[in-house]
Amino acid sequence: MMDGGDLSTSQAVKEAKGTENGGQATCKSKEIPTVQNPSEGDQKGKTECSGPVPEEKGEERLRHSSSADPSALTSASMGEVANGYRALGEENAAPATNNLHKVSIIPLIFLIFYEVSGGPFGIEDSVQAAGPLLSILGFLVFPFIWSIPEALITAELGTMFPENGGYVVWVSSALGPFWGFQQGWMKWLSGVIDNALYPVLFLDYLKSGIPALGGGLPRVFAVLGLTVVLTYMNYRGLTIVGWVAVCLGIFSLLPFIVMGLIAIPKIRPSRWLQVNLRGVDWNLYLNTLFWNLNYWDSISTLAGEVDNPTKTLPKALLYAVILVVVGYLYPLLAGTGAIPLERDQWTDGYFADIAKMIGGVWLMGWVQGASALSNMGMFVAEMSSDSYQLLGMAERGMLPELFSKRSRHGTPLIGILFSASGVLLLSWLSFQEIVAAENFLYCFGMILEFIAFIVHRVKHPNARRPYKVPLGTVGCVLMLIPPTALIVVVLYFSSLKVAVISLGAVFIGILLQPCLKYVEKKRWVRFSINSELPDFREEEDDEAETLVA
C-alpha cells in the first residue's frame, strides 16, 4: 500500500557490481520503496552479497523472502510499509496459507450468490412500489448500471491484489492507509449490521409453525443458539462454508424452478406490462433494487483463500452475475404473469402465497423452508467476508497482530469472534433505520472504491492486471458515472435520522485510526505486516524497465 506522506515513490531497479577487494563484498543491489520516518530511521534497500557486508544502521529491514513462512510477521508501522513487500510473481499467486484447503470455483460462485442475493426473497416490494413492468425492467437494467460495473471492478482489483483484505487494500494502495482504514471500518460495520438481520429473519419464518419463537426468552435463546452454530461453522473452515452455501443455494432455488414450470399454462404476458407511473414509490423501488443487487465486492476479502484467484475470481463473478439476475427474473416473471395483480399484497414473503396459489400447500412449505435456509446461507457468507477482512487488515498492519492469528482450521478466530459479537449486540435492536444506515455506509465505501479504481488506472498503468476491464481510463470513468449518480440518489432519499447515525459511525472511524496509531507508537499492542504479501509496484517497475531495454 502507498502512503503519500510516509513512503517515497517506487524507484527503477538498479544493479551495481563491485569487485572483491580487501575483504569488501561483491554485491548486487536492488532498491525498493523506503520508509521516510525521521524518528525511526530510513528503510534500507534490499541487498544480496557474496561476501561479508557491513552491519546496517537504522531501522531493522523487513524480510522479503518469497519462501518465508506465511505466518511469519514483521514489525511495521500501522499500514505504512506495505510496499516493502516482494513483487507479484508471474502467476500473481496469493500468499501461501500452509496447506490450507483453497476455495474452488463452484463454492466461490455460491458464496458470491449469498453475499449479493440468496434468492428472490425480498424483491416483492419492487412490484408493490412500481408494478410488474418497472419491476421487471429494473432487474433487467439495474445490473448494467450497478452490478456489472461493481463486478468488473472487483475482478480487476481483486486479481491485482489477490489477498484477504480486498477493497481495504485497493483503497489503501491508492489513497493511503488512513482512507483504507476508513473503508475497512465502514464496510465491516455495514456487513455486521447486515448479518445481524439473518438470525432474526430466520426465526420470523419459523414462528408461524412455532409460535413460542415470536418473542420472550425462547426467541432470545434461539437467536443466541443459531448465531453460535453458524459461527462455529465459519470457525471450522471456509471450504465447509462454501459447500454448505452450494447445498443451501440449490435447495433455495429449486422450489422456484418448480413453481415456474407449473405456472407456464397460467401465464398471461399482458400482466407483465401493467404500470402506473403516478403511483410509483420511487424511494422503495430504488432501495429494493439497490439492496438486492449490491455487495459484489464483498468476495474480494476472501481472495487469499481462493484457488488460483487470478483466474477463478473473474469467472466466478461472471457466473454469479448470471445466476443472481436469472434467480430474480425467473420467479418474478412467473409470479406476475400467472397471478392477477394485487400490488398491496406484494410484500416480503408473498412468494410463499404465490407458490400456494400456483402449486398448493406443499410448494408453499418448500418456499418457506427455502426462505429460512437462505438466511443461514447469507449469514455464513457474510461472516466469512467480515472476519477475513479483519485478518487482511491485520496482515497489512492496520489492526493489531492478534487479528491475523488463525485457528487450527486456518480460519481468522479473532475476526470471527468480533463479527459474532457485533451480530449478537445488534440482534436486539430495531433494524428499520439501521438497515438504511447500512446502505448509507455502503455508499460511502463504494465512492472510495471508484476513486481507487481510477487512481490505479492513472498512476499505475503498467501494473500487472491478470484481468483488466476492457476499457481505457476514459471509458472506465464513463462506466462509473451511472452508479455514482445512483449513489447520490440513494443518499438523497435517506432520512435525516439515517444521515446522522451514519455520519456518527463515520466519525468514530476517523477517531479510531489515529487512536490505533497512538497505541502502536506506545508499543502497547504489537502491529505487524505479513512478509508474504505482494507489492504490485515493484513488478510495474520491472516491467517498465524491460520495455525500456
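Position labels on residues start from 1 in each chain and follow its written sequence. Thresholds applied to this predicted model are a pLDDT of at least 70 for local features of residues and 80 or more for the giving and counting of side-chain atom pairs; totals over whole chains, interfaces and linings are not thresholded and use all residues. Excluded from the side-chain calculation are hydrogens and water; included are all heavy atoms of the structure.

Going by the annotation in an unreviewed UniProt entry, the name recorded for the chain is Polyamine transporter PUT1, with Rhynchospora pubera given as the source organism. UniProt positions are given in the numbering used here, feature names are shortened, and annotations may be inferred rather than shown by experiment. We quote the UniProt Subcellular location (unreviewed entry) comment for the chain here in full: "Cell membrane".

Draft legend 1. How the structure looks around the overall build of the chain. Helix and strand content of the chain: 15 helices and four strands. Looking at the chain as a whole, 55% of its 549 residues qualify as buried. Throughout, a contact is declared for two residues whenever any of their heavy atoms are within 4.5 Å. Sequence separation of 24 or more characterises 81% of the internal contacts of the chain that already satisfy a separation of 6 or more. To measure how exposed things are, a 1.4 Å probe is used in the Shrake-Rupley method; for residues, cover is taken only from the protein chains shown. Here the chain displays about 23300 Å² of accessible surface, and carbon together with sulfur accounts for 64% of that area. Comment: elements are numbered from the N terminus, with helices defined as DSSP H or I runs of at least four residues and strands as E runs of at least two. Here's how the labels work: a residue is buried when its accessible area is under 20% of the maximum for its type, exposed when over 50%, partly exposed in between, all with a 1.4 Å probe on protein chains only.

Draft legend 2. Spotlight on the packing of aromatic side chains. Paired rings are identified among Phe, Tyr and Trp, the last through its six-membered ring, by centres lying within 6.5 Å, and are further divided according to the angle between planes into stacked (under 30 degrees), edge-to-face (over 60) and tilted (the rest). Under the criterion given, the structure shown has 21 aromatic pairs. When the centroid spacing of 5.9 Å and the interplanar angle of 35° are considered together, the rings of Y232 and Y235 count as tilted. Taken together, the residues span about one helical turn, with Y232 and Y235 both in helix α5 (residues 216-236) at a distance of three residues. With a relative accessible area of 22%, Y235 lands in the partly exposed category. Within the aromatic cluster, the residues linked to one another by ring pairs are F121, F256, W346, Y350 and F351. Positioned above the aromatic ring of Y167 is the side chain of K187, whose terminal nitrogen or guanidinium carbon lies 5.1 Å from the ring centre. Both a distance and an angle decide whether a charge sits over a ring: NZ of Lys or CZ of Arg must be within 6 Å of the ring centre and within 35 degrees of the ring normal.

Draft legend 3. Main features of the pattern of salt bridges. One side-chain nitrogen of Lys or Arg within 4 Å of one carboxyl oxygen of Asp or Glu is enough to make a salt bridge. All chains considered together, the criterion is met by eight salt bridges. Between E156 and R465 there is a salt bridge, with its nearest N and O atoms 3.0 Å apart. Of this pair, E156 sits in helix α2 (residues 124-160) while R465 sits in the loop between α12 (432-459) and α13 (473-493), and the two are 309 residues apart along the sequence. For the pair E156 and R465, a shared accessibility class is recorded, and that class is buried. The salt bridge partner of D297 is K187, with a shortest N-O separation of 2.5 Å.

Draft legend 4. A look at the confidence of the model for the chain. pLDDT is defined as a per-residue confidence score from the predictor, taking values between 0 and 100. Per-residue confidence for the chain gives a mean pLDDT of 79, with 76% of residues at or over 70. Segment residues 1-94: pLDDT under 50, and 216 contacts once partners within four positions in sequence are set aside and those in other chains are kept.

Draft legend 5. Geometry of the environment of A394. Relative to the helices and strands, A394 resides in helix α10 (residues 361-395). Considering only alpha carbons, one finds A394 and I529, 135 residues apart in sequence, at a separation of 7.3 Å. Excluding its chain neighbours within four sequence positions, the residues that come into contact with A394 are L399, P400, F403, S404 and S528.

Draft legend 6. Examining helix α11 (residues 413-426) more closely. One less than the residue count of a helix, multiplied by 1.5 Å, gives the span that helix is expected to have. Between its first and last C-alpha atoms α11 spans 20 Å; for 14 residues at 1.5 Å apiece the expected length is 20 Å, and the two agree. For α11, the set of buried residues is I414, G415, I416, S419, A420, G422, V423 and L426.

Draft legend 7. Seen up close, the nonpolar core. Membership of the largest hydrophobic core comes to 133 residues, with the highest contact counts inside it found for L111, I112, W146 and F453. It is α10 that provides the largest number of residues to this core, a total of 15 residues. Once you skip the residues sitting within four places of it in the chain, F453 turns out to touch I153, E156, L157, V469, C476, M479 and L480. Remark: nonpolar core denotes a set of buried residues (Ala, Val, Leu, Ile, Met, Phe, Trp, Tyr, Cys) joined through side-chain atoms within 4.5 Å.

Draft legend 8. The packing of α5 against helix α6 (residues 238-263), seen in detail. The geometry of α5 relative to α6 is characterised by a closest axis approach of 5 Å and an angle of 120° between their N-to-C directions. If you check the angle between α5 and α6, you find them oblique. From α5, M233, N234 and R236 reach across to α6, where they touch I240, V241 and V244. Every angle, taken between N-to-C directions, lies between 0 and 180 degrees, and every axis is a line fitted to C-alpha atoms, over only the stretch in contact when it is a helix. Throughout, the term roughly parallel applies to angles under 35 degrees, roughly antiparallel to angles over 145, roughly perpendicular to angles from 65 to 115, and oblique to all others.

Draft legend 9. View of the side chain of R396. With respect to the helices and strands, R396 occurs in the loop between α10 and α11. Since its relative accessible area comes to 1%, R396 is described here as buried. Here a polar contact means two N or O atoms within 3.5 Å. Within protein one must be a hydrogen donor candidate and the other an acceptor candidate, and residues neighboring in sequence count only if both atoms are side-chain atoms. Here E163 takes part through its side chain, which lies 2.6 Å from a polar atom of the side chain of R396.

Draft legend 10. Representation of the side chain of Q183 within the structure. Mapped onto the elements, Q183 comes out in helix α4 (residues 177-206). In terms of polar contacts, Q183 uses its side chain to reach the side chain of E449, at 3.1 Å. Aside from chain neighbours lying at most four places away, what touches Q183 is Y167, V168, V171, G445, L448 and E449.

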